[in-house]
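Listed here are the chains, written in short residue letters.
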Amino acid sequence: MADRLSKIAVVIPCYNEEEALPVTAEHLLALLDKMTEQQLIAPDSYILCANDGSRDDTWGTIVRLHDRDNRVKGISLAHNRGHQNALLAGLMSAMDNCDAAISIDADLQDDPEAIVEMVKLFNRGTDIVYGVRSSRHTDTWFKRTTAHAFYKFQQLMGLETVYDHADYRLMSNRALHMLSQYGESNLFLRGIIPQIGLPTAIVTYARNHRVAGESKYPLSKMLSFSIDGITSFSARPMRWIFMTGLILLFVDIAVALYVLGSYFFEQHISPGWTSIMLSVWFLGSLILMSIGIVGEYIGKIFIEVKKRPRYAIAETLLD
């Protein structure tokens, strides 16, 4: 790095986080002060909150925090666009006003103390530093099991992702500019960022409990996010459909020969047994599932070709 201290932006996507933000901002401002005293970062480093069209007083909370300390800055999206778009909006807003940006959720479940090690690695020339959980002891058994199954399934589908990494990471200004060149509407940052290809490192941390409020990622959203991630980066499910169909073709031929043989040489066979043995219901379900998978890809093409803006920023507090 150059002789001057690096200006760091801590980007926080926020949706209905009026309870958590005051605690989060206080903690992160104290951390910025500590790193400034240690001469790890420049004194004008700041926090940028990206309000994702919250229905509560999240934006009002950001405004009040900004009035108290102008190192707390903010943008407010005109409509709720989801976590990934809000995060991208924050990163792109900070891109031309920082040397590196660190993304972290407002609930502080990702230990903010890991930021110190991230900045040290960045100062030594690392462009992307991933925050990776050392354990999931604070998660329920169900969430822990499904999360690990999701990561393994991603690898099976050919996705390049970092195991047990969410969206807690540091990205250099160079990495942010490379990220800005990815124009897809179906955002899955955990899959996009490993493709950038710059020098990377990993910092591990223990997962904490939420500082306030409730989780904004119920099971339905987690499942939808998982499907988006897989279908945005891998065509392997469609290839599996073809291979399954090919295998079933040979199975069906074998079963058909057996059934026809039974029909002609065993006259006591009851009417209807032939059609049941040919597994009409099973094949019908398989066809519908296959159409659904193909439809998921066609739906993504439909969204991408429209090239609509991924988000619109209604208000800013960037001074």
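Before going into details, it helps to say that this report is about the structure given with it.

What counts as what
Residues numbered from 1 in each chain as written. Predicted model: local features only at pLDDT ≥ 70, side-chain atom pairs only at ≥ 80, totals over all residues. Heavy atoms only, no water. Pairing = 2+ DSSP bridges. Helix = DSSP H or I, 4+ residues; strand = E, 2+ residues; numbered from the N terminus. Axes fitted to C-alpha atoms, helices over the stretch in contact; angles between N-to-C directions. Buried < 20%, exposed > 50% of the residue type's maximum accessible area, 1.4 Å probe, protein only. Lys, Arg positive; Asp, Glu negative; His and termini not counted. Salt bridge = Lys/Arg side-chain N within 4 Å of Asp/Glu carboxyl O. Polar contact = N/O pair within 3.5 Å; in protein donor to acceptor, adjacent residues only side chain to side chain. Phe/Tyr/Trp six-rings, centres within 6.5 Å; stacked < 30°, edge-to-face > 60°. Lys NZ or Arg CZ within 6 Å of the ring centre and 35° of its normal. Disulfide = S-S within 2.5 Å. Core = buried A, V, L, I, M, F, W, Y, C linked by side-chain atoms within 4.5 Å. Contact = heavy atoms within 4.5 Å. Expected span 1.5 Å × (residues − 1). Arc of directions from axis to C-beta.

**Observations concerning the sheet that holds strand 7 (residues 200–206)**
An order of 7-5-6-4-1-2-3-8 is seen for the eight strands of this open sheet, with the pairing classed as mixed. Whereas interior strands pair on both sides, the edge strands pair on one side only; in this sheet they are strand 7 and strand 8 (313–317). Neighbour to neighbour, the strand axes of the sheet diverge by 20° on average, direction disregarded. With five bridges joining them, strand 2 (residues 46–51) and strand 3 (residues 72–77) adopt parallel strand pairing.

**Describing the side chain of aspartate 52**
Mapping aspartate 52 onto the fold places it in the loop between strand 2 and helix 2 (58–68). In this structure aspartate 52 is buried but unpaired, with arginine 81 as the nearest side chain of opposite charge at 6.8 Å. At 3.0 Å, the side chain of aspartate 52 and the backbone nitrogen of glycine 82 are in polar contact.

**So, the packing of aromatic side chains**
What the rule picks out here adds up to one aromatic pair. If you follow lysine 73 out to its NZ or CZ, it ends over the ring of tyrosine 46, 5.7 Å from the centre.

**Thoughts on the state of the cysteines**
Under the definition given, this model contains zero disulfides. Distance from the sulfur of cysteine 14, which forms no disulfide, to the nearest cysteine sulfur (cysteine 49) is 4.5 Å. Owing to a relative accessible area of 1%, cysteine 14 belongs among the buried residues under this scheme.

**Quick notes on the nonpolar core**
With 38 residues, the main nonpolar core has Ile12, Met35 and Val119 as its most contacted residues. With near-sequence residues (within four places) excluded, isoleucine 12 lies in contact with Thr24, Leu28, Ile47, Leu48, Cys49, Ala50, Ile104, Asp105 and Ala106. Tyr46, Leu87, Leu176 and Ile193 belong to the second largest nonpolar core, which has 31 residues in total.

**Focus: helix 1 (residues 21–37)**
Owing to its 3.6 residues per turn, the α-helix aligns residues three or four sequence positions apart on the same side. For helix 1, spanning 17 residues, the distance from its first C-alpha to its last is 24 Å, which sits close to the expected 24 Å at 1.5 Å a residue. Where helix 1 is concerned, the buried positions are Leu21, Thr24, Ala25, Leu28, Leu29, Leu31, Leu32 and Met35. Buried residues in helix 1, looked at end-on, bunch into an arc of 160°, giving them a common side. Set apart from the buried face of helix 1 by more than 90 degrees, the exposed residues are Glu26 and Glu37. Looking at the packing, one finds that the buried side of helix 1 touches strand 1 (8–14), strand 2, helix 2, strand 3 and helix 4 (114–123). Looking one or two places after helix 1, you find glutamine 39, whose phi comes out positive at around 60°.

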